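Structural overview for review
Residue-level listing of the chains:
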Amino acid sequence: MRSSIREVDQGLMDPVKECRRNDYLLSSKKIGSGAFSKVYLGYATHEKLLQNYKLASDLRSKGHAMVAVKIISIAEAPPEYSRKFLPREIYSLNVTYKHVNVIQLYESFQTESRAYLVLELASRGDLLEYINVMSDRRESYGLEEGDARRLFRQIVSAVAHCHSHGIVHRDLKCENILLDEQGFVKLTDFGFASQCTPRHAMLKTFCGSAAYTAPEILMRKKYNGEQADLWSLGVILYAMVTGKLPFKERQPCKMLRMIKRGLTFRCAVSQECQELIQCLLQWKPSARLDLQHVASHCWMLPSSTITFQKTLNSAGNQSEQRKAQEREAKRGRARILLVKHSKRWDSS
Ligand SMILES: Nc1ncnc2c1ncn2[C@@H]1O[C@H](COP(=O)(O)OP(=O)(O)OP(=O)(O)O)[C@@H](O)[C@H]1O
């Protein structure tokens, strides 16, 4: 045990020194890790706050000096990651500064062996964890629709902000939506983001996380990044209100077959919400509801202005589902429903 603690400390010694040289204090508290990165809790020093206006003004409003330090090992990451995706992530975060629902990049610096991104801290975990925790707590699948609406509005606002600045995210998924101390959504992980100028330029890199990826990308066609993001938003909303993913297969061809078979709702979701999800999960990219219409869709309006009718494909099915959920919950087996999905890409 002692030796493993020493190993961890040893491994962090250089990052601690490198951060200190840049006026940050790196703690040993790891708050997350990705395929090629580790994220630690850090603190901005007094000197840093005096130098960096962006950071100081944001932290002053939050009333603390904590930041998230994302450390990328250049030696471990594939060369393409450091050459292509990391610069894109930094560029996208700089372009999308500053929106309350997009994570803020305060600063980035690099040494020979590591790249550092100093980010706004979102300390309440990600949306996937939140859905699972709430499902367990409610002993039911997914979030309450009012809660889902509150979060989805912020997600839509963040994505609209990115699109209006010429940035498509291309890896929208529950794991990339973080929550901060006050429960605000913070869109993160712009590693696959791309600059889209002109706005409707077609892209060809296959990337994303299969369960959230639009069919045209799975088919390796040229695609419109904004329309591909709309598909992912449909998957996210489905996951929020049902606690499950709409389509889940390992192989793209099987996924495509499943998508073609169409969407089913296996638990109670309002008619309006089902309709919004259907409008986003359209096979034909140009048929997907655009963000302006998503934001003004009746389900997105405050709940007092519409009447929700909990509907299922059939009423019998609904009561069966409910009974099954209740039985499961009684047995104390309210399961973790969603699992993390790793990203993949190729540049063909
Ligand atoms: N600003 C932040 N505040 C709090 N936690 C964070 C922050 N940024 C990242 N994390 C945590 O670290 C994890 C990894 O970060 P991120 O997704 O940016 O890295 P990545 O290498 O691009 O990951 P992946 O390979 O999973 O896409 C996140 O899932 C999250 O738990």
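Definitions and cut-offs
- Residues numbered from 1 in each chain as written.
- Predicted model: local features only at pLDDT ≥ 70, side-chain atom pairs only at ≥ 80, totals over all residues.
- Heavy atoms only, no water.
- Salt bridge = Lys/Arg side-chain N within 4 Å of Asp/Glu carboxyl O.
- Helix = DSSP H or I, 4+ residues; strand = E, 2+ residues; numbered from the N terminus.
- Buried < 20%, exposed > 50% of the residue type's maximum accessible area, 1.4 Å probe, protein only.
- Pairing = 2+ DSSP bridges.
- Expected span 1.5 Å × (residues − 1).

**Side note on the pattern of salt bridges**
Counting across every chain of the model gives 13 salt bridges. A salt bridge links K84 to E80, with the shortest nitrogen-to-oxygen separation between them at 3.5 Å. One end of the pair is K84 and the other is E80, both in helix α4 (residues 79-96) and four residues apart, which spans about a single turn. With a shortest N-O distance of 3.9 Å, E181 and R124 are connected by a salt bridge. One end of the pair, E181, is in the loop between β7 (177-179) and β8 (185-187); the other, R124, is in the loop between β5 (114-119) and α5 (127-138), with 57 residues separating them in the sequence. Residue class for R124 comes out partly exposed when judged on its relative accessible area of 47%. When salt bridges that share partners are traced, they join D58, K62, K98, E120 and K186 into one network.

**Structural notes on the pairing of strand β4 (residues 105-110)**
Both β4 and β5 contribute to a ladder of five bridges, which runs antiparallel. Each bridged residue has a counterpart across the sheet, and for F109 the counterpart in β5 is Y116. Remark: three residues form the turn of the hairpin made by β4 and β5, two consecutive strands paired antiparallel.

**What about α4?**
Between its terminal C-alpha atoms α4 stretches 25 Å, which fits the 26 Å expected from 18 residues at 1.5 Å a residue. For α4, the complete set of buried residues consists of Y81, S82, F85, L86, E89, I90, S92, L93 and T96.

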